[in-house]
Amino acid sequence: MSENISVLGLGLMGSALAEALMAAGHRVTVWNRTPAKADPLVAKGAARAATPAAAVEASPLVIACLLDYPSVYDVLKDTELSGRVLANLTSGRPAEAREAASWAAEQGADYLDGGIMAVPQMIANPGALILYSGSEPAFDRHEPALAALADARYVGADPGMAPLLDLAMLTGMYGQMAGVLEAAALVTSAKFPLTEFTTTLLIPWLNAMAALAPVWAEKIETGDHHTEVSNLEINRVGLENLARAFREQGVKPDLLLPMKTIIDQRTARGLGHEGLSGLVEELYN
Ligand code: NDP
C-alpha cells in the first residue's frame, strides 16, 4: 500500500533511501539543508519541502538520515511531530537513541531508531539490512514501507538496541579486518601473491572459523569456558610465537597485540586451562 513518507537528509544514504521508497511506489517528500541535493529526486517525482516543518507536516512517517544526532535536533526542533512516527536512521550511540526517543515522546511522536547495515548502493538490494528498535506498534504499522529499503528487523522496545547491535556488528567487522590486514602484511612481506592467499586460503578458513561463533555464544551465555579444542595457555604461546614471527619478517603485529594482552591477563589469573571464550569475562568493567 502506498504511503506518504518524508525523508529529511539527502546525503548519500538519505538519497538512496528516498529513491528506494519512490521506486516502491510511495509518495515521498524530501528536504535537505543544501536544497540542490533534492533536485535529482524531485526530477523523478518527489515533492520538495521548503522547510523541515513542511516536510514533517506532509507525512505520518518521517525518516531522518543526517550526519549525527545533534543535526537531527537542529533540523526537527521547529517541526510539529505530534501524532507521527519518527524513524531516525542516523547512526549513533545507544544513549543518544534513548535520549532521542524521550525527546520524540515529549513532542508526542512515536520513535524508531534504525541501524543501517548497508552502504547506499545496497539499499533496496539483497543483503541490505536495517535494524529497528523502539515503538513496536510504529514498526508494525510501517514495516511494509520500511521493507522497501532493506530487510527490516525489529530488535526490541529499548530504542538503544538497534544502535547497540549495529555497533556490535561493526565490532565483529573491525576485528575481522584487523586480522585480514595483519595477514596481508605478513603474506606480502614474503612476496606470496596476496589475491591467491585471500581467495584460496584465507576466505575458506575465515568461513570455517565464523561457523564456530554459535558454539562460542553458548559458552559465553552459560559461563562454561571449559574447552576440548584449544586452551588459553596454548593460545598464549601461539600468539607469542606469531608476534615473534611477524617481527622476524619485518612486520609489526600491533593489531593483534591487544588480544595477547587480554590472554596474558587471564592466564595470569590461573585460568590458562580455559578456552578463548573466557576472555569475554576480562572485558566487563
Ligand atoms: P552524508 O555526509 O552524505 O550526508 C549527511 C547529511 O546530513 C546531508 O544531508 C547533510 O546536509 C546533513 N547534515 C549534516 N549536518 C547537518 C545539520 N547541522 N543540519 C542539517 N543537515 C545536516 O552522509 P550519509 O548520507 O552517508 O550518512 C547519513 C547517515 O547514515 C549517517 O548517520 C551515517 O552514519 C549513516 N549511514 C551511512 C552509511 C553509508 O555507507 N553512507 C552506512 C550506514 C549508515 P547537506 O547536504 O546540507 O550537507
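Engineer: Tell me about a nonpolar patch on the surface, residues and numbers included.
Structural biologist: A cluster of nonpolar side chains, Trp205, Met209, Leu212, Val215, Trp216, Ile220 and Tyr284, forms an exposed patch at the surface whose accessible area comes to about 700 Å². Of all the elements in the fold, those that place two or more residues in the nonpolar patch are α8 (194-210) and α9 (213-222). As for its placement among the helices and strands, Trp216 is situated in helix α9.

Engineer: Tell me about helix α11 (residues 257-268), and please be specific about residues and values.
Structural biologist: With 12 residues, α11 extends 16 Å from end C-alpha to end C-alpha; this agrees with the ideal 16 Å at 1.5 Å per step. Within the span of α11, buried status applies to Lys260, Ile263, Arg266 and Thr267. Buried residues in α11, looked at end-on, bunch into an arc of 125 degrees, giving them a common side. On its buried face, α11 sits against α10 (232-248). Among the residues trailing α11, Gly270 stands out with phi positive, at a value near 85 degrees.

Engineer: Lay out the site of the ligand with the relevant residues and their values.
Structural biologist: Lining the immediate surroundings of the ligand are 22 residues, of which Met13, Asn32, Thr34, Lys37 and Ser91 lie closest. When isolated, the ligand has an accessible area of 900 Å², and the protein chains bury 76% of it. Taken together, the residues of the shell around the ligand sort by class into 11 nonpolar, eight polar and three charged.

Engineer: Describe in detail the domain arrangement of the protein chain, supporting the description with residues and values.
Structural biologist: Split into domains, the protein chain comes out as domain 1 (4-158) and domain 2 (165-282). Summarising the inter-unit geometry, the C-alpha centres of domain 1 and domain 2 are found 38 Å apart. With seven residues of domain 1 at the interface, the matching set in domain 2 holds four residues. When the two sides are added together, the surface that domain 1 and domain 2 hide from each other amounts to roughly 450 Å², 82% of it contributed by carbon and sulfur. When residues of domain 1 are sorted by the area they lose upon contact with domain 2, Met117, Leu131 and Val155 head the list and together hold 61% of the total. Linking domain 1 to domain 2 there are zero salt bridges. Our count for the contact surface shared by domain 1 and domain 2 stands at zero residue pairs in polar contact (both at pLDDT 80 or more).

Engineer: An account of unusual backbone geometry is needed here, citing residue identities and associated values.
Structural biologist: At Ala124, a position not held by glycine, the phi torsion is positive, near 70 degrees. Note on placement: Ala124 falls in the loop between β6 (110-117) and β7 (129-134). Here Lys191, not a glycine, exhibits a phi torsion of approximately 60 degrees, which is positive. Examined against the element boundaries, Lys191 turns out to sit in the loop between α7 (161-189) and α8.

Analysis parameters
- Residues numbered from 1 in each chain as written.
- Predicted model: local features only at pLDDT ≥ 70, side-chain atom pairs only at ≥ 80, totals over all residues.
- Heavy atoms only, no water.
- Patch = residues over 30% accessible without salt bridge, like charges linked within 9 Å, V, L, I, M, F, W, Y side chains within 5 Å.
- Areas by Shrake-Rupley, 256 points an atom, 1.4 Å probe, with all protein chains shown as cover.
- Salt bridge = Lys/Arg side-chain N within 4 Å of Asp/Glu carboxyl O.
- Helix = DSSP H or I, 4+ residues; strand = E, 2+ residues; numbered from the N terminus.
- Expected span 1.5 Å × (residues − 1).
- Buried < 20%, exposed > 50% of the residue type's maximum accessible area, 1.4 Å probe, protein only.
- Arc of directions from axis to C-beta.
- Contact = heavy atoms within 4.5 Å.
- Near = heavy atom within 4 Å.
- Nonpolar A, V, L, I, M, F, W, Y, C, P; charged D, E, K, R; others polar.
- Domains from an automatic or database assignment.
- Buried area = accessible area lost by both parts, 1.4 Å probe.
- Polar contact = N/O pair within 3.5 Å; in protein donor to acceptor, adjacent residues only side chain to side chain.

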